[in-house]
Amino acid sequence: MIVLGIDPGLANLGLGLIDGNVRKAKHLHHVCITTESAWVMPRRLAYIHSEVSRLIETYQPEAVAIEDQILRRQADVAFKVGQAFGVVQLACAQAGVPVHYYGPMQVKKALVGAGRADKEQVIYMVKASLGVRELFNNHAADALALALTHLAHQPMQAAAARLARA
């Protein structure tokens, strides 16, 4: 199963692609899409949309895992990230790829075994799980962590879907 993990953001949006299952996952690609603060908002959103769409078209993922977090402290940041979150979901919907949402604590628990793990522990587990020596960007590392989290949750989701159909 090819999974695209997405760490949403407006200035920096992490993307990570893996292939495999919960026992054996292979790193395919990771990147951080960066938009300039000097760009007008429509240009930033269009760029994010086109890059996510291009990656989906190139790799044909079977699922997308997006970090689902609520930014409560800074309304202006939450609004901007929400717009990027929206265009990412639009790109997924246009491609017909199912989207799954995971909170930061779910990711930490799936990878490290503790919902309060620190970022270094998560990055270590991403590198160890995928055999990646260098992750040059925390956003891309978070995206790969999300993809791995989906692989960990996928067997339960598939079983639930079978029960729902029965």
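(A) Representation of unusual backbone geometry within the structure. Phi is positive for Q60, close to 50°, though the residue is something other than glycine. Along the chain, Q60 falls in the loop between α1 (41-59) and β4 (63-67). On the basis of relative accessibility, which here comes to 53%, the residue Q60 falls in the exposed class.

(B) Quick peek at helix α2 (residues 75-95). The terminal C-alpha atoms of α2, which comprises 21 residues, lie 30 Å apart, in line with the 30 Å expected from a rise of 1.5 Å per residue. Restricting attention to buried positions, one finds in α2 the residues V81, A84, F85, V87, V88, A91 and C92. Across the axial projection of α2, the buried residues extend over an arc of 160°, all falling on one side. Exposed residues pointing more than 90 degrees away from the buried face of α2 are listed as A75, F79, A93 and Q94. Those residues of α2 that are buried are in contact with β1 (2-7), β2 (12-20), α1, β4 and β5 (99-102). Looking at the residues trailing α2, positive phi occurs at G96, about 75°.

(C) A look at the sheet that holds β5. Spatial ordering of the open sheet is given by β3-β2-β1-β4-β5, a layout of 5 strands whose pairing is mixed. Edge positions in the open sheet fall to β3 (25-34) and β5, since each of these has one partner strand only. When strand polarity is set aside, the average angle formed by the axes of neighbouring strands in this sheet is 20°. Running over the sheet, α2 touches β1, β2, β4 and β5 and is turned about 170° from β4.

(D) Just the side chain of H30, in detail. For H30, the location among the structural elements is in strand β3. Engagement of the side chain of H30 in a polar contact is seen with the side chain of H27, the distance being 2.7 Å. Not counting residues up to four positions away in its chain, the partners in contact with H30 are L15, G16, E134, L135, A140 and L144.

(E) Main features of the state of the cysteines. Here the structure, examined in full by the defined rule, presents 0 disulfides. Between C32, a free cysteine, and C92, which holds the nearest cysteine sulfur, the sulfur-to-sulfur gap is 17 Å.

(F) Spotlight on the packing of aromatic side chains. Across all of its chains, the model carries 2 aromatic pairs by this definition. Centre to centre, the rings of W39 and Y47 are 5.5 Å apart; their planes meet at 80°, and the pair counts as edge-to-face. When its relative accessible area of 31% is taken as the criterion, Y47 is described as partly exposed. Measuring from ring centre to ring centre gives 6.1 Å for F85 and Y101, while their planes differ by 40°; the resulting arrangement is tilted. With F85 in helix α2 and Y101 in strand β5, this residue pair connects regions lying 16 residues apart in the sequence.

(G) Main features of the packing of α1 against α2. Two elements in contact, α1 and α2, have axes whose closest approach is 9 Å; the angle formed by their N-to-C orientations is 35°. The handedness of the crossing between α1 and α2 comes out as right-handed. Each of M41, L45, I48, H49, V52, S53 and I56 in α1 lies in contact with α2, whose residues at this interface are K80, Q83, A84, V87, V88, L90, A91, C92, Q94 and A95. Per-class residue counts for the contact of α1 with α2 are 12 nonpolar, 4 polar and 1 charged.

So, how was this worked out
- Chains are numbered independently. Their residues run from 1 in the order of the written sequence.
- In keeping with the model being predicted, local features are shown solely for residues with a pLDDT of at least 70 and side-chain atom pairs are shown and tallied solely at 80 or more, while totals for entire chains, interfaces and linings include all residues.
- The basis for every side-chain value is the complete set of heavy atoms in the structure, and neither hydrogens nor water enter the calculation.
- Secondary structure elements follow DSSP: runs of H or I of four or more residues count as helices, runs of E of two or more count as strands, with numbering from the N terminus.
- Think of it in three bands: residues with accessible area under 20% of the maximum for their type are buried, residues over 50% are exposed, and the middle band is partly exposed, with areas taken using a 1.4 Å probe on protein chains only.
- Here, expected helix span is obtained from the residue count minus one, scaled by 1.5 Å.
- This arc is taken over the directions from the axis of the helix to the C-beta atoms.
- Contact criterion: two residues are considered in contact whenever any of their non-hydrogen atoms come within 4.5 Å of each other.
- Being paired, for any two strands, means DSSP has found at least two bridges between them.
- Fitted lines through C-alpha atoms serve as axes, helices being fitted only where they are in contact, and the angles separating the N-to-C directions of these axes extend from 0 to 180 degrees.
- The term polar contact refers here to a pair of N or O atoms within 3.5 Å; inside protein, the definition further demands a hydrogen-donor-capable atom paired with an acceptor-capable atom, and it admits residues adjacent in sequence only when both atoms are side-chain atoms.
- Pairs of cysteine sulfur atoms within 2.5 Å are what we label disulfides.
- Note on ring pairs: Phe, Tyr and Trp rings are taken, using the six-membered ring of Trp, and paired if centres are within 6.5 Å. Classes follow the plane angle, with under 30 degrees stacked, over 60 edge-to-face and the rest tilted.
- Here is the rule for handedness: rotate from the far helix to the near one, and if that takes an anticlockwise turn smaller than a right angle the crossing is left-handed, while a clockwise turn gives right-handed.
- All residues other than Ala, Val, Leu, Ile, Met, Phe, Trp, Tyr, Cys, Pro, Asp, Glu, Lys and Arg, Gly among them, are scored as polar; the first ten of these are nonpolar and the last four charged.

Everything listed here is a matter of geometry and, on its own, says nothing about what the molecule does.
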